[in-house]
Amino acid sequence: MVAPPDNDVLWARALHFRHNDGSPGLSGISLGVRESEILAVGGPRGSGKTTLLRCLSGLLPARSGEIWFNSVPVHTMTPAARERLRRERFGWIDPVPLLVPELNVWENTALPLMLRGTGRRRAKTAALAWLERLDIGDRARRRPEELTQAERQRVCVARALAPAPAVLFADEPTAPLHRVDRAHVLRTLTTAARSHGITVVLATHDARTAALADRTVSLLDGRRVHTVHLPPVPVTAETEGRATCSLSV
Ligand SMILES: Nc1ncnc2c1ncn2[C@@H]1O[C@H](COP(=O)(O)OP(=O)(O)OP(=O)(O)O)[C@@H](O)[C@H]1O
């Protein structure tokens, strides 16, 4: 077992994963995520983005391969240790907003902080500040059912950012949002990550979303592929359409 490079907060080597029904998930993926980097994981639907994020965060145990977080092996951890790691160091945003219906908005937002041992008063103050940043401070005392889907997703983003996780895994975080909401939430997320030194692994099949990241790795059928962008060519009737072409190899 060889320890990963020092400046990689997350490092995966030759990850293989197969779903319970036998479907292939990941086939030998290796990658490094640098500290404070925003890394986009791109690729078409079904290419393995969600599966990769779940393996990297320790939610799914890979069949083989290695995952390291800050030079600590995750692949050899017990399920309880992986759960503690996720609770204390990682954040997660799903494509659909999942909130506890019995708790109001600020209580939902403060939940991960309180699970990490932060007192209720401090957790509430932090939660309210993040809700303000996401323009939903006025909904703090409402129940999730009283919010629109887009507002609920903003709550999920605030909840994920509030504890300032070491790594935030964001799986198509703006999928339920309209274009204007999407731009605002993405900007808030990336600005907050950069100012708090949060490393982000962002799964997206949207090139405009990926453009906000520092770097993109692309997947196809559970494998990493390299995207080669063709150099721009003057647009003529003959070359029209080629300038934006890219080739995955
Ligand atoms: N629980 C599961 N059981 C069996 N197969 C699954 C399961 N989850 C995903 N798959 C399959 O594994 C492959 C990768 O799925 P995954 O959700 O990781 O891709 P994705 O790139 O995140 O797709 P999307 O953009 O649609 O979310 C797909 O072929 C999918 O059908």
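Parameters at a glance
- Residues numbered from 1 in each chain as written.
- Predicted model: local features only at pLDDT ≥ 70, side-chain atom pairs only at ≥ 80, totals over all residues.
- Helix = DSSP H or I, 4+ residues; strand = E, 2+ residues; numbered from the N terminus.
- Buried ≥ 20, exposed ≤ 12 C-beta atoms within 10 Å, placed from the backbone.
- Axes fitted to C-alpha atoms, helices over the stretch in contact; angles between N-to-C directions.
- Parallel < 35°, antiparallel > 145°, perpendicular 65-115°, else oblique.
- Left-handed = near helix turned anticlockwise from the far one by under 90°.
- Contact = placed C-beta atoms within 7 Å.
- Nonpolar A, V, L, I, M, F, W, Y, C, P; charged D, E, K, R; others polar.
- Near = placed C-beta within 6 Å.
- Core = buried A, V, L, I, M, F, W, Y, C linked by C-beta atoms within 7 Å.
- Pairing = 2+ DSSP bridges.

1. Points about unusual backbone geometry
Here is step 1 of the chain: We note that Ser36 has phi near 65°; this positive angle belongs to a residue other than glycine.
Here is step 2 of the chain: Turning to its location among the elements, Ser36 is positioned in the loop between strand E2 (24-34) and strand E3 (38-42).
Here is step 3 of the chain: For Ser36, a count of 16 C-beta atoms within 10 Å gives the class partly exposed.
Here is step 4 of the chain: Not every positive phi belongs to a glycine, and Asp221 is a case in point at roughly 50°.
Here is step 5 of the chain: Among the structural elements, Asp221 can be located in the loop between strand E9 (215-220) and strand E10 (223-225).
Here is step 6 of the chain: Assessed through the 13 C-beta atoms surrounding it within 10 Å, Asp221 is described here as partly exposed.

2. Re the packing of helix H3 (residues 105-115) against helix H4 (residues 120-133)
Here is step 1 of the chain: It is the contact of H3 with H4, at a shortest axis distance of 8 Å, that shows an interaxial angle of 120°. Accordingly, the angle class assigned to the pair H3 and H4 is oblique. Relative to H4, the crossing made by H3 is right-handed. Contact residues: H3 offers Val105, Trp106, Thr109, Ala110, Leu113 and Met114, while H4 offers Arg120, Ala123, Lys124, Ala126, Ala127, Leu128, Trp130 and Leu131.
Here is step 2 of the chain: A class-by-class count of the residues in the contact of H3 with H4 yields 11 nonpolar, 1 polar and 2 charged.

3. Description of the site of the ligand
Here is step 1 of the chain: Taken together, 14 residues sit near the ligand, with His19, Arg45, Lys49, Thr50 and Thr51 positioned nearest.
Here is step 2 of the chain: Here the element with the most residues in the shell around the ligand is helix H1 (residues 49-56); it accounts for 3 residues.

4. Some details on the nonpolar core
Here is step 1 of the chain: Grouped together as the largest cluster of nonpolar side chains are 62 residues, with contacts concentrated most on Leu39, Val41, Val157, Val200, Val201 and Leu202.
Here is step 2 of the chain: With residues near it in sequence (within four places) discarded, Val201 still touches Val33, Leu39, Val41, Leu53, Leu56, Val167 and Phe169.

5. Some remarks on the packing of H3 against helix H5 (residues 149-161)
Here is step 1 of the chain: Orientation of H3 relative to H5, taken along the N-to-C sense of each, is 35°, at an axis distance of 7 Å. Crossing geometry of H3 relative to H5 is assigned as right-handed. Between H3 and H5, the contacting residues are Val105, Asn108, Thr109, Leu111 and Pro112 on the first element and Val155, Ala158 and Arg159 on the second.
Here is step 2 of the chain: Split by residue class, the contact of H3 with H5 holds 5 nonpolar, 2 polar and 1 charged.

6. Some remarks on the sheet that holds E3
Here is step 1 of the chain: Here we have 6 strands laid out as an open sheet, ordered E6-E7-E8-E3-E9-E10, and mixed in their pairing. Edge positions in the sheet fall to strand E6 (90-93) and E10, since each of these pairs with one other strand and no more. Across this sheet, the average inter-strand angle for adjacent strands is 25°, counted without regard to direction.
Here is step 2 of the chain: Sheet strands touched by H1: E3, strand E7 (167-171), strand E8 (199-203) and E9. Its angle to E8, the strand with the most contacts, is close to 150°.

7. Some thoughts on the sheet that holds strand E5 (residues 72-73)
Sheet strands associate in pairs through backbone hydrogen bonding, adopting either a parallel or an antiparallel arrangement.
Here is step 1 of the chain: Here 4 strands make up an open sheet; going across it, the order is E2-E1-E4-E5 and the pairing antiparallel. Of all strands in the sheet, those bounded by a partner on one side alone are E2 and E5.
Here is step 2 of the chain: Bridging between strand E1 (residues 8-18) and strand E4 (residues 64-69) involves 5 bridges; their strand directions are antiparallel. Directly across from Trp11, in E4, lies its bridge partner Trp68.

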